[in-house]
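One-letter residues, chain by chain:
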Amino acid sequence: MADSVDKNMIDKDEYPQTAEIENRCVHIIADLWHAPKSWDTVGCSTTGSSEACMLGGLAMKWRWKKKREAAGLPTDKPNFVCGPVQVCWKKFARYFDVEIREVPLRGDALGLQPSDLREYCDENTIGVVATLGVTFTGIYEPVADLAAELDAMQRDLGLDIPIHVDAASGGFVAPFVQKELDWDFAIERVKSINASGHKYGLAPLGVGWVVWRSRSDLPEDLIFYVDYLGGNMATFALNFSRPGGEIIAQYYNFLRLGREGYTRIQQACIDTGKWLAEEIRTIESLELVYDGNGGLPAVCYKLKEGKEHGFTLYDVSERVRMRGWQIASYPLPSDRQEVIVQRVLIRHGVSRDLISLLLDDIKRALEHLQRNPVQNSDAGPTFNHGAISEVKVNA
Ligand SMILES: *Cc1c(COP(=O)(O)O)cnc(C)c1O
């Protein structure tokens, strides 16, 4: 990895073994995600999930456009449908001129629901983006149920809408610790998936991955053949030069840890998350929003509703910051913006000991704030997951 930190991975002619290792990683990941012909599918490394999502989105846009052109139909109003997505999808929408239809959260939903789809999809829908590990809470959106509803819509309405799964975090969690969950290429409608190697993939910053179900799912028009570095090299990426070290480290972890090692690490994180959730459950003034079951190794909570606390969760953020913890408080996306939450993600290296210290500090902060209610607090959101709309400060 150190040897490759100053090697340019894009120069595949000069560093053919880096290219070979990247390619092996793609097929290891395709196999992990149950691609029907994992050895033959296409994919690539990226700078992170943001670039990987852009590539997934572009491929969906191209496939839709070609189909529409072939049928002599207009191609000027593409849209995609999603739940509360990470900001990269808002960038994709703006940079590549695709309308984003972000379905608001209804009732106590925390993500996109199958029942939302008929209202939001139409003939101009290039795809549905499902998130495995929603940024705001850590939950997984129900990919299999969304696919089943899209199957029904194809029968009833003749719309054949693909799914891209943004598995930035979940892509390296679910295959190891939620093996029974149906979310990946085992579902035929899932045409592409991305994940961040530098999140639960356990590689150093920054490497991402995007893989297509099969070769035919990546439109040939988007592949550029570059010959000026020698050889004739196919590239599909937004970025060009990038260090090769992250790819080597990713490959090393795949080989060194294997399925067994990743499973043990992610399971330890899941267990710590569940333990934290059970402890939070016993705290009088807090209420769990996500309890660490069925999604990422994470916990999400809010102040108990229907009670006057004399402080906000923003005050709690400020208070624990004095002890060195940066836990952002932020509103859920629309239509649940009145709910302010905090989220703790557990990754490799965040031990039970560390979480136990955190818990003590949260309790201490809450006790302090209960004894000393905050008047005219100007603590407000300092972080909003890149939500583009302005966040109202709860003064
Ligand atoms: C982190 C994240 C991204 C962006 O990934 P980067 O690797 O930081 O570019 C996209 N989608 C989701 C769901 C994420 O959690």
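Residues numbered from 1 in each chain as written. Predicted model: local features only at pLDDT ≥ 70, side-chain atom pairs only at ≥ 80, totals over all residues. Heavy atoms only, no water.

In the nomenclature of an unreviewed UniProt entry, the protein is known as Glutamate decarboxylase of Caballeronia glebae. Quoted straight from UniProt, the Cofactor (unreviewed entry) entry for the protein says "pyridoxal 5'-phosphate". (UniProt positions renumbered as here; feature names shortened; annotations may be inferred.)

Participant: Would you explain the overall build of the protein in this entry?
Facilitator: Scanning the protein from N- to C-terminus turns up nine helices and 13 strands. Here the C-alpha radius of gyration of the protein, 22 Å, is about what a compact globule of 395 residues would show, namely 21 Å. Dimensions of the protein along its principal axes, counting C-alpha atoms only, are 70 × 55 × 35 Å. A separation of at least 24 residues holds for 69% of the contacts in the protein among residues at least 6 apart in sequence. In the form shown here, the protein has an accessible surface area of approximately 18,100 Å², with 48% of it arising from carbon and sulfur atoms. Between the averaged position of the 44 positive side-chain charges in the protein and that of its 55 negative side-chain charges there is a distance of 2 Å. (Helix = DSSP H or I, 4+ residues; strand = E, 2+ residues; numbered from the N terminus. Rg over C-alpha atoms; globule rule 2.2 N^0.38 Å. Contact = heavy atoms within 4.5 Å. Areas by Shrake-Rupley, 256 points an atom, 1.4 Å probe, with all protein chains shown as cover. Lys, Arg positive; Asp, Glu negative; His and termini not counted. Charge placed at Lys NZ, Arg CZ, Asp CG, Glu CD.)

Participant: Explain the UniProt feature "modified residue: N6-(pyridoxal phosphate)lysine" (unreviewed entry) in the protein here, please?
Facilitator: Here, the residues flagged by UniProt with the feature "modified residue: N6-(pyridoxal phosphate)lysine" (unreviewed entry) are K199. Residues contacting K199, with those up to four places away along its chain left out, are A168, S169 and R347.

Participant: Looking at this structure, how should I read the domain arrangement of the protein?
Facilitator: When the parts of a complex come together, some accessible area is lost, and that lost area is often used as the size of the interface. Considered domain by domain, the protein is made up of domain 1 (2-258) and domain 2 (260-371). Relative placement of domain 1 and domain 2: their C-alpha centres are 29 Å apart. Each partner contributes to the interface: domain 1 provides 32 residues, whereas domain 2 provides 28 residues. Of the roughly 2,400 Å² buried between domain 1 and domain 2, counting both surfaces, carbon and sulfur atoms make up 64%. Of all residues in domain 1, L105, F136 and Y200 bury the most surface against domain 2, accounting for 26% of the area lost on that side. The interface formed by domain 1 and domain 2 contains zero salt bridges. Every element with two or more residues in the side of domain 1 that touches domain 2 is listed here: α6 (174-177) and α7 (245-281). If you tally residues by element for the side of domain 1 that touches domain 2, the top one is α7, at five residues. When the residues that make up the side of domain 1 that touches domain 2 are grouped by side-chain class, the tally is 16 nonpolar, 13 polar and three charged. (Domains from an automatic or database assignment. Buried area = accessible area lost by both parts, 1.4 Å probe. Salt bridge = Lys/Arg side-chain N within 4 Å of Asp/Glu carboxyl O. Nonpolar A, V, L, I, M, F, W, Y, C, P; charged D, E, K, R; others polar.)

Participant: Can you help me understand the packing of α7 against helix α9 (residues 352-371) in this one?
Facilitator: How two helices pack is summed up by the angle between their axes together with the distance between the axes. It is the contact of α7 with α9, at a shortest axis distance of 10 Å, that shows an interaxial angle of 20°. Our classification of the angle between α7 and α9 gives roughly parallel. When the axes of α7 and α9 are compared, the crossing they make is right-handed. Of α9, the residues touching α7 (which contributes D271, T272, W275, L276, E279 and I280) are R352, I355, S356, L359 and K363. Here the contact of α7 with α9 is composed, by residue class, of five nonpolar, two polar and four charged. (Axes fitted to C-alpha atoms, helices over the stretch in contact; angles between N-to-C directions. Parallel < 35°, antiparallel > 145°, perpendicular 65-115°, else oblique. Left-handed = near helix turned anticlockwise from the far one by under 90°.)

Participant: Looking at this model, I keep getting lost on the confidence of the model for the protein. Mind explaining?
Facilitator: Parts of the prediction with low pLDDT should not have their coordinates interpreted in detail. In this model, the protein carries a mean pLDDT of 94, and residues with pLDDT of at least 70 account for 95%. The model gives residues 388-395 a pLDDT under 50, and that stretch makes ten contacts with residues more than four places away or in other chains. (pLDDT = per-residue confidence, 0-100.)

Participant: Would you take a moment to explain α9 for this structure?
Facilitator: Side chains three or four residues apart in an α-helix point the same way, a direct result of the helix having 3.6 residues per turn. Taking 1.5 Å per residue, 20 residues should reach 28 Å; α9 reaches 29 Å between its end C-alpha atoms and fits that length. If you check which residues of α9 are buried, you get I355, L358, L359, D361, I362, A365, L366 and L369. Looking down the long axis of α9, one finds its buried residues gathered within 165° of arc, a one-sided arrangement. Pointing more than 90 degrees away from the buried face of α9 are the exposed residues D353 and R371. If you follow the buried residues of α9, they end up packed against α7, β10 (286-290), β11 (298-303), α8 (313-321) and β13 (340-345). (Expected span 1.5 Å × (residues − 1). Buried < 20%, exposed > 50% of the residue type's maximum accessible area, 1.4 Å probe, protein only. Arc of directions from axis to C-beta.)

Participant: Teacher, can you tell me more about the packing of aromatic side chains here?
Facilitator: How two aromatic rings sit relative to each other is given by the distance of their centres and the angle of their planes. Inspection of the entire model under this criterion finds eleven aromatic pairs. Aromatic side chains F254 and Y262 sit 6.0 Å apart centroid to centroid with 50° between the ring planes, which places their arrangement in the tilted category. Comparing F254 with Y262 shows no difference in burial state: the two are buried. By the ring-pair criterion, three or more aromatic residues cluster together here, those being W33, F172, F176, W183, F254 and Y262. Above the ring of W62, the side-chain terminus of K65 is found at 4.7 Å from the ring centroid. (Phe/Tyr/Trp six-rings, centres within 6.5 Å; stacked < 30°, edge-to-face > 60°. Lys NZ or Arg CZ within 6 Å of the ring centre and 35° of its normal.)

Participant: What should I look at first to understand unusual backbone geometry in this one?
Facilitator: Residues apart from glycine generally show negative phi values, whereas peptide bonds are mostly found in trans. Residue G206 is reached from L205 by a cis peptide bond, and omega for that bond is -10°. For H34, which is not a glycine, the phi torsion comes out positive at approximately 60°. Secondary-structure assignment places H34 in the loop between α1 (16-32) and β1 (43-46).

Participant: Whenever I open this one, the environment of P36 confuses me. Can you help?
Facilitator: You can see P36 is positioned in the loop between α1 and β1. By relative accessible area, P36 is classed as partly exposed at 48%. Spatially, the C-alpha atoms of P36 and V134 are 26 Å apart, while their sequence positions differ by 98 residues. Setting aside anything within four residues of it in sequence, one finds P36 in contact with F185 and R213.

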